[in-house]
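# Close look at the chain arrangement
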Amino acid sequence: MPKLEKRSWAEPFKIKVVEPLHMTTRPYREHALLEAGYNTFLLRSRDVYIDLLTDSGTNAMSDNQWAGLMMGDEAYAGSENFYHLEEKVREYYGYRYLVPTHQGRGAEHLLSRILIKPGDFVPGNMYFTTTRLHQELAGGTFVDVIVDEAHDPESLHPFKGNIDLHKLESLIERVGADRISYVSAAATVNMAGGQPIAMQNLRELRALTKKHHIRVVLDATRAVENAWFIRQREPGFASHSVAQILHEMCSYTDACTMSGKKDLLVNIGGFLALNDEDIFEEARNLVVVYEGLHTYGGLAGRDLEAMARGIDEAVQEDHIRARVGQVEYVGQRLLSIGIPIVQPIGGHAVFLDARRFLPHIPQIEFPAQTLAAELYLESGIRTMERGIVSAGRDPETGEHHVPKLELVRLTFPRRVYTQAHCDVVTEAVEAVYDRRTQVRGLRMTYEPKYLRFFQTRFERL
Ligand SMILES: *Cc1c(COP(=O)(O)O)cnc(C)c1O
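A brief structural summary. (Residues numbered from 1 in each chain as written. Predicted model: local features only at pLDDT ≥ 70, side-chain atom pairs only at ≥ 80, totals over all residues. Heavy atoms only, no water.)

## Details of the pairing of strand 8 (residues 270-274)
When you tally the buried positions in strand 8, you get five out of five residues, the bulk of the element. Burial along strand 8 is two-sided: the residues Gly270, Leu272 and Leu274 and Phe271 and Ala273 are all buried. Direction of pairing for strand 7 (residues 255-259) relative to strand 8: antiparallel, over a ladder of five bridges. Bridge pairing in strand 8 links alanine 255 to leucine 274. (Buried < 20%, exposed > 50% of the residue type's maximum accessible area, 1.4 Å probe, protein only. Helix = DSSP H or I, 4+ residues; strand = E, 2+ residues; numbered from the N terminus. Pairing = 2+ DSSP bridges.)

## Thoughts on empty space enclosed by the protein
Within the structure shown, the criterion is met by three cavities of 30 Å³ or more. One number sums up the size of the largest cavity: a volume of about 80 Å³. Those elements that place two or more of their residues in the lining of the largest cavity are helix 4 (104-115), helix 5 (129-137) and strand 6 (216-219). Here the residues of the lining of the largest cavity are counted per class, giving four nonpolar, six polar and two charged. Empty space within the second largest cavity amounts to approximately 40 Å³. Around the second largest cavity sit Leu115, Arg215, Val216, Val217, Asp254, Ala255, Leu274, Asp276 and Ile279, which together line it. Counted by class, the lining of the second largest cavity contains six nonpolar, no polar and three charged residues. (1 Å grid on protein atoms, 1.4 Å probe; cavity = no way out; pocket = protein on both sides within 12 Å on 5 of 7 lines; lining within 4 Å. Points joined across faces, edges and corners; volume = space filled by probe spheres on them. Nonpolar A, V, L, I, M, F, W, Y, C, P; charged D, E, K, R; others polar.)

What follows is the structure, given as structure tokens:
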């Protein structure tokens, strides 16, 4: 991996508006955690000090984006802000057609309904929770075709988001190309620890799928972060701009689903973008049923405007350097004190390896869920489980999916916390690590049917 640039990642902004944080005592947090059933998703935000639950919709908008809110054209049809967004999507992502949706899963829903027939297969580079669920609800079966290194938290492979083309080829041989709806390619791969996919891999994926007439759909939610990693790690890209790399990545795919709540620096919004006119016609028709008219897709005009402006800001070099640099900073500090984390350090989050952190807790006692609860107790910092609870159950057998990765995600909202907050986070993780042998696992007391990690309740063993 190339050496870090000499200049530090210092925040490329100054602060104009502040929001006070809430500090709490340990007995207070003990009570709050009990009330929340040991699930950090069920905590009230007022009880949280530093919120690293997710980087989804938790970004700080710029003054330019806030100004854009005032330019909201709240027309039911044909809002100016839609056309601005369309122009920006074409400019930076390169797809011809745009269908706005209220957030990423809205786009996944439309696309899954249109492209997946019951009995189809949808290969992907590791699953994402909402993406896979929409594929399954449409009658498809998700097949993981990510490289094996992605399942190994200690592998230093620079592109652990890559698709294993042999796995994909053998699936095509086994079920036939016409039963594969499309290949779902995520950049970066959240569930693998924020790991990028290489440009070379996208090129080869394109060549293989072209031969079999299979579409490629990019999950572009964090594609800008992926582009940054390509520039840092892949030969031949050091002198390309992040925007150029992003454009080339998209050029090897037929469509993308996007959660604007991540890369695009907004609090709500998403879209489906694509090149195929027939599919566009269908999506534009369906969006009216589920989201709203095709020029607003469930969003206010002002939200479309903030997202259009966010597209410009997301690819700015100073921004993305600091965004990934902040995550790198926390990861390096944790590594330096011996905390087991997923490597290489991801683009949006540091992932604690709960198996190595709490080796005495078996996976069925939810070590990652336990660790997230302990971190909250220790410090008021909120993180999220990405392990057996998030993996859910097999819809056929009803058994737990048992993922190899049992992780706790410390996710950094964009432009929200400072380096001093980062230091507090590492101190809190270290404090839990020092008393790790006394930590006990959890037992489920309530489990909802869909996306269970959001609402499952637990008690201490
Ligand atoms: C967040 C996310 C989604 C879903 O988007 P929402 O806006 O939360 O509906 C899809 N894919 C990836 C990789 C994500 O991180």
